[in-house]
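# Secondary and tertiary structure notes
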Amino acid sequence: MAVKNVPKKPARERPQGHDPIRFAVVGLGFIAQASVLPAFRQAKGDAVVTALVSADAKKLKVLGKRYDAPVLATYDKYDALLASGEIDAVYIALPNTMHRDFTERAARAGIHVLCEKPLATSLLDAKAMVQACYRANVKLMTAYRLQLEPATLTAIEIVRGGDIGEPRLFTSTFSNPVKAPNIRLESDLGGGTIPDIGVYCINAARHVFQDEPIEVYAALSRSKDPRFKQVEAAASCVLRFPGDRVASFTCGFATDPQVQFEVLGTTGRLRLDDAYEIASDKVLTLSRGNHRKVTRFGKGDQFAPMLIHFADCIRGNFDPIASGEEGLRDVRIIEALYRSAKLGRPVALPAEEPPKRLRREQQIKGGPIRQVELVNARAPGG
């Protein structure tokens, strides 16, 4: 889905040499506190947290001191921060419905944007974000941490290398129990199982098949549980790809945790356990006939590699692996899945060029994330 050919404005002055890229982390909820902020310690020399933005005074005070962030700002001071010359990039860790506004404002100020997934809550908003950053000649990256992660890249390369023959079926389950209150359960903040966790299954399927789906179907599971007044408790989805290939996945917020995907080919199969987890060991099993090969991957920091890669993109003036366009494509599929569930029938998608190829050489390894004490935040299941 190409962006319209609109004029670019001249690039802003970028840091020279290997100076670390100065980030503002915007939004200090669970993901920012548990994963993003600790990652700056491992990205030291490439990226540094210079500013924190939140409406919570306690978060700003405690986290500002913990991470030596010299600039602390409330949301009403966001534009002043963007114009201050203190930062080069923002990491947007806000509710999904706020992504477009905070991205467009950063772009207008010439600030690069690394934005949490899903990129937006609608295709219209995702396109606007991509175009705003294109026009401003700033980088836009979707925070797809798995596109730099060794286990995921190894699995994709094994499939691509023909070790299981022609890949035909992709199946996945991602269950992540969520307790109320939580923004994942609020539709007006962009919550729901498909954008929150189903997006991982969608992204994995696209890159396993190295193609884009041509038709999707979804069925949503509602519940009398008061947690699910606004969003579905679970979703079961099917993506049909060219060449008689099918991906199916189920994602949910109300069952015991389960995180895995499996790829069935004409001569073998591959399974990745704990496939989408942030801080768990992963087990990759390749099976062909009676032969099984098991590879274990230790837990590692998946956020520091994103910061390092994005810093390299800014300094070297090249596009991120997980670009805004990549995030836009998944939003297009998410939107079509919800349309399918509403209509009760499959929804066709226009043909698209295959996604950018992911390669094992692009992996960046980081040590395990250290657990930190959360400030006015909690894990989805906590």
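Note that this is a predicted model, so its numbers are computed, not measured. (Residues numbered from 1 in each chain as written. Predicted model: local features only at pLDDT ≥ 70, side-chain atom pairs only at ≥ 80, totals over all residues. Heavy atoms only, no water.)

## Notes on the UniProt feature "domain: Gfo/Idh/MocA-like oxidoreductase N-terminal" (unreviewed entry) in the chain
Under the present numbering, the feature "domain: Gfo/Idh/MocA-like oxidoreductase N-terminal" (unreviewed entry) in UniProt falls on residues 21-143. Helix makes up 42% of residues 21-143 and strand 22%, with an end-to-end C-alpha separation of 17 Å. (UniProt positions renumbered as here; feature names shortened; annotations may be inferred. Helix = DSSP H or I, 4+ residues; strand = E, 2+ residues; numbered from the N terminus.)

## Let's talk about the sheet that holds strand β3 (residues 71-73)
The strand order across the open sheet built from six strands is β3-β2-β1-β4-β5-β6, with neighbouring strands paired in parallel fashion. The sheet is open, and its two edges are formed by β3 and β6 (140-142), each paired on a single side. Across the sheet, the mean angle separating the axes of adjacent strands is 25° when strand polarity is ignored. Set on the sheet, helix α2 (residues 57-66) makes contact with β2 (47-53) and β3; between it and β2 the angle comes to about 160°. (Pairing = 2+ DSSP bridges. Axes fitted to C-alpha atoms, helices over the stretch in contact; angles between N-to-C directions. Contact = heavy atoms within 4.5 Å.)

## Some remarks on the packing of aromatic side chains
Within this structure, the stated rule accounts for 10 aromatic pairs. Taking the centre distance of 5.6 Å and the plane angle of 70° together, the rings of F23 and F40 count as edge-to-face. One end of the pair, F23, is in strand β1 (residues 21-26); the other, F40, is in helix α1 (residues 30-42), and 17 residues separate them in sequence. Owing to a relative accessible area of 0%, F23 belongs among the buried residues under this scheme. Taken together, the ring pairs connect F170, F174, Y200, F261 and Y276 into an aromatic cluster. Sitting above the plane of the F102 ring, R105 keeps its charged end 4.8 Å from the centroid. (Phe/Tyr/Trp six-rings, centres within 6.5 Å; stacked < 30°, edge-to-face > 60°. Buried < 20%, exposed > 50% of the residue type's maximum accessible area, 1.4 Å probe, protein only. Lys NZ or Arg CZ within 6 Å of the ring centre and 35° of its normal.)

## Brief notes about the packing of α1 against helix α8 (residues 304-316)
For the pair α1 and α8, interaxial distance at closest approach is 8 Å and the crossing angle is 65°. Seen from above, α1 lies across α8 with right-handed handedness. Seen from α1, the contacting residues are V36, A39, F40 and Q42; seen from α8, they are A304, L307 and I308. Partitioned by chemical class, the residues of the contact of α1 with α8 number six nonpolar, one polar and no charged. (Left-handed = near helix turned anticlockwise from the far one by under 90°. Nonpolar A, V, L, I, M, F, W, Y, C, P; charged D, E, K, R; others polar.)

## Re the UniProt feature "domain: GFO/IDH/MocA-like oxidoreductase" (unreviewed entry) in the chain
Following the UniProt record, the feature "domain: GFO/IDH/MocA-like oxidoreductase" (unreviewed entry) maps to residues 153-271 here. The span residues 153-271 is 21% helix and 36% strand, and its two end C-alpha atoms sit 13 Å from each other.

## Section: the environment of Y276
Note on placement: Y276 falls in the loop between β12 (269-273) and β13 (282-288). Each C-alpha atom, one on Y276 and one on C201, is 8.4 Å from the other, the two residues being 75 residues apart in sequence. Among the polar contacts listed, one links the side chain of Y276 to the side chain of S172, at a separation of 2.7 Å. (Polar contact = N/O pair within 3.5 Å; in protein donor to acceptor, adjacent residues only side chain to side chain.)

## Looking at the pattern of salt bridges
Scanning all chains against the criterion turns up 25 salt bridges. Note that R269 and E262 form a salt bridge whose closest N and O atoms lie 3.9 Å from each other. A residue is classified by how much of its surface remains accessible, and R269, at 41% relative accessible area, is partly exposed. (Salt bridge = Lys/Arg side-chain N within 4 Å of Asp/Glu carboxyl O.)

## Considerations on the nonpolar core
One finds F23, V25, Y91, F170, F261, Y276 and L337 to be the most contacted residues of the largest nonpolar core, which totals 90 residues. Examining the composition of this core, we find that 10 residues originate from one element, helix α7 (residues 193-209), more than from any other. For F170, the contacting residues outside a window of four places in its chain are C201, A204, A205, V208, F209, V246, A247, S248, F261, E262, V263 and Y276. A106, M129, C133 and L328 belong to the second largest nonpolar core, which has 32 residues in total. (Core = buried A, V, L, I, M, F, W, Y, C linked by side-chain atoms within 4.5 Å.)

## Structural notes on the sheet that holds β13
Strand order in the open sheet made by the nine strands is β14-β13-β12-β11-β7-β10-β9-β8-β15, with mixed pairing throughout. The open sheet has two free edges, formed respectively by β14 (291-297) and β15 (347-348), since each of these has just one partner strand. In this sheet, strand β10 (residues 245-252) lies alongside strand β9 (residues 234-241) in antiparallel orientation, the contact comprising eight bridges. Note that in β10 the partner of V238 across the bridge is S248. Strands in contact with α7 are β7 (167-175), β8 (215-221), β9, β10 and β11 (258-265); relative to β10, the strand with the most contacts, it is inclined by about 155°.

## Description of unusual backbone geometry
Look at the link from K117 to P118: it is a cis peptide, with omega at -10°. Position of P118 relative to the elements: it lies in the loop between β5 (112-115) and α5 (123-136). Going from A180 to P181, the amide bond is cis rather than trans, its omega being -5°. Structurally, the position occupied by P181 is in the loop between β7 and α7. For D274, which is not glycine, the phi dihedral falls at a positive 60°. Within the secondary structure layout, D274 lies in the loop between β12 and β13. Here D274 falls in the partly exposed class, since its relative accessible area comes to 30%.

## Some details on the pairing of β1
Counting buried positions over the six residues of β1 gives five, a clear majority of the element. Taken together, β1, α1 and β2 form a β-α-β motif whose crossover is right-handed. Two strands pair when backbone bridges link them, and β1 and strand β4 (residues 89-92) are joined in this way by four bridges, in the parallel orientation. Counted as the bridge partner of F23 is A89 from β4. (Right-handed = clockwise from strand over helix to strand, strands pointing away.)

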